[in-house]
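# Commentary on secondary and tertiary structure
The lines below spell out each chain.
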Amino acid sequence: EDQVTQSPEALRLQEGESSSLNCSYTVSGLRGLFWYRQDPGKGPEFLFTLYSAGEEKEKERLKATLTKKESFLHITAPKPEDSATYLCAVQEATGTYKYIFGTGTRLKVLA
Amino acid sequence: GAVVSQHPSRVICKSGTSVKIECRSLDFQATTMFWYRQFPKQSLMLMATSNEGSKATYEQGVEKDKFLINHASLTLSTLTVTSAHPEDSSFYICSASRWDRHYYEQYFGPGTRLTVT
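Presented here is an overview of the structure given in this document. (Residues numbered from 1 in each chain as written. Chains lettered and ligands numbered in written order. Predicted model: local features only at pLDDT ≥ 70, side-chain atom pairs only at ≥ 80, totals over all residues. Heavy atoms only, no water.)

## What about the overall build of chain B?
Selection criterion: Helix numbers and strand numbers start at the N terminus; a helix is a DSSP run of H or I with at least 4 residues, a strand a run of E with at least 2. Values of the radius of gyration come from C-alpha atoms, whereas the globule rule sets the reference at 2.2 Å times the count of residues to the power 0.38. Burial classes: relative accessible area under 20% of the type maximum marks a residue as buried, over 50% as exposed, and values in between as partly exposed (1.4 Å probe, protein chains only). In this analysis, two residues are considered to be in contact whenever any of their non-hydrogen atoms come within 4.5 Å of each other. Residue burial considers only the protein chains on display, and all accessible areas are found by Shrake-Rupley using a 1.4 Å probe. His is not counted here, nor are the chain ends, while Lys and Arg score as positive and Asp and Glu score as negative. A charge is said to be at NZ when it belongs to Lys, at CZ for Arg, at CG for Asp and at CD for Glu.
In terms of regular secondary structure, chain B is built from 0 helices and 11 strands. When the helices and strands of chain B are listed from N to C terminus, the series reads β-β-β-β-β-β-β-β-β-β-β. Its C-alpha atoms give chain B a radius of gyration of 14 Å, near enough to 13 Å, the size a compact globule of 117 residues would have. A principal-axis box enclosing the C-alpha atoms of chain B has dimensions of 45 × 25 × 20 Å. Looking at chain B as a whole, 52% of its 117 residues qualify as buried. Partitioning the contacts of chain B with sequence separation of at least 6, the portion at a separation of at least 24 is 54%. Put simply, chain B shows about 5800 Å² of open surface, and 50% of that area lies on carbon and sulfur atoms. Distance from the positive charge centre (12 side chains) to the negative charge centre (10 side chains) of chain B: 6 Å.

Shown next as structure tokens:
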């Protein structure tokens, strides 16, 4: 069965304390892996798409990487405004174009 | 680009009434839209896939007669919660799918908070 697991479930960091969030996946074939940020009471905001192992993408303090089994979202020198829930989703290579979402990582950055 | 809107953002209704939620892609055409439900501190649960001009595909366990989906145009999909009950109270989010060379990316609306009293 296709599955997406995110860890940790929750993470508290001091401002400036870099860390990484993990997204492990099991799918029969990967078309793409997507990272989103979600603030409370709002819809997910698109961050990155990765579709081949070894690929990396960066945006400000965030960097996403992809291997054949997992993806990491690295946060460098986070600020309080980076506090949010980070969701990862995978899209299968065959069948429908729907996403399979992980359960998310709730990040809190303390000033 | 890739902006998706939802209306209303919040709605309160009485038990037994029906509520319609609209999802629009504002600056691109979306042949496929998705409807999700999200409970507090949980991830998004896919309810159905909506294709323009055809019937929606519902996920297992989602009542198609209760959650009516219509995808009337390339920029509009609607979700109607019929005969709503308190257990239908939730955060409903739609997304619109856009092809980007290798894959379909989904862009999400801001969500609709439904409260059934």
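That covers the picture; the talk isn't over yet.
## Topic: the interface of chain B and chain A
Going by this rule: Buried area counts how much accessible surface, traced with a 1.4 Å probe, disappears from two parts once they are put together, with both parts' losses summed. Salt bridges, as used here, are contacts in which a Lys or Arg side-chain nitrogen is within 4 Å of a carboxyl oxygen on Asp or Glu. By the criterion applied in these results, polar contacts are pairs of N or O atoms within 3.5 Å in which, for protein atoms, one can donate a hydrogen and the other can accept it, and in which residues neighboring in sequence qualify only through two side-chain atoms.
Taken together, the contact pairs 19 residues of chain B with 21 residues of chain A. Counting each side, the surface lost to burial between chain B and chain A is near 1700 Å², with a carbon and sulfur contribution of 60%. Between chain B and chain A we count 1 salt bridge in total. Lys98 of chain A is paired through a salt bridge with Glu59 of chain B; the nearest N and O atoms lie 3.1 Å apart. Along the contact surface separating chain B from chain A lie 7 residue pairs in polar contact (both at pLDDT 80 or more). For the side of chain B that touches chain A, the elements supplying multiple residues, two or more each, are strand E4 (32–38), strand E5 (44–51), strand E9 (90–100) and strand E10 (103–108) of chain B.

## A closer look at the packing of aromatic side chains
We apply this condition: Pairing of aromatic rings covers Phe, Tyr and the six-membered ring of Trp, with a centre-to-centre limit of 6.5 Å; geometry is then stacked below 30 degrees between planes, edge-to-face above 60, and tilted otherwise. Comment: the charge-over-ring label is applied if NZ (Lys) or CZ (Arg) is within 6 Å of the ring centre and within 35 degrees of the ring normal.
Applying the stated rule across the entire model yields 12 aromatic pairs over all chains. Ring geometry for Tyr99 of chain A against Phe101 of chain A: centres 5.9 Å apart, planes inclined by 50°, an arrangement best described as tilted. Look at Phe101 of chain A and you get buried, because its relative accessible area is 12%. Centre to centre, the rings of Tyr36 of chain B and Phe108 of chain B are 5.5 Å apart; their planes meet at 45°, and the pair counts as tilted. Of the two residues, Tyr36 of chain B sits in strand E4 while Phe108 of chain B sits in strand E10, which places them 72 residues apart along the sequence. Over the ring of Phe28 of chain B we find Arg98 of chain B; its NZ or CZ atom is 5.8 Å from the centre of that ring.

## Structural notes on the sheet that holds strand E7 (residues 62–66) of chain A
Residues and elements named next belong to chain A. Going by this rule: Between any two strands, at least two bridges found by DSSP are needed for them to pair. The angle between two axes is taken between their N-to-C directions and runs from 0 to 180 degrees, where each axis is a line fitted to C-alpha atoms and a helix contributes only its stretch in contact.
In space, the 5 strands of this open sheet follow the order E1-E3-E8-E7-E6, with antiparallel pairing throughout. Edge positions in the open sheet fall to strand E1 (3–7) and strand E6 (56–59), since each of these has one partner strand only. Each neighbouring strand pair of the sheet contributes to a mean axis angle of 15°, computed without reference to strand direction. Pairing geometry for E7 and strand E8 (residues 70–75), over 5 bridges, is antiparallel. Each bridged residue has a counterpart across the sheet, and for Leu66 the counterpart in E8 is Ser71.

## Quick notes on the sheet that holds strand E3 (residues 19–25) of chain B
All names here are of chain B. Strand order in the open sheet formed by 4 strands is E1-E3-E8-E7, with antiparallel pairing between adjacent strands. In this open sheet, the two strands that pair with only one neighbour each are strand E1 (4–7) and strand E7 (67–73). Strand-to-strand twist of the sheet, defined as the mean angle between neighbouring strand axes without regard to direction, takes the value 15°. By the bridge criterion, 4 bridges tie E1 to E3 in an arrangement that is antiparallel. Bridged to Ser5 within E3 is Arg24.

## A few points about the side chain of Gln6 of chain B
Residue and element names in this part refer to chain B. One can find Gln6 in strand E1. Polar contacts involving the side chain of Gln6 include one to the main-chain carbonyl oxygen of Tyr92, which spans 3.1 Å. At a separation of 3.1 Å, a polar atom in the side chain of Gln6 contacts the main-chain amide nitrogen of Cys94. Contact partners of Gln6, with chain neighbours within four places excluded, come to Ile21, Glu22, Cys23, Trp35, Tyr92, Ile93, Cys94, Gly109, Pro110, Gly111 and Thr112.

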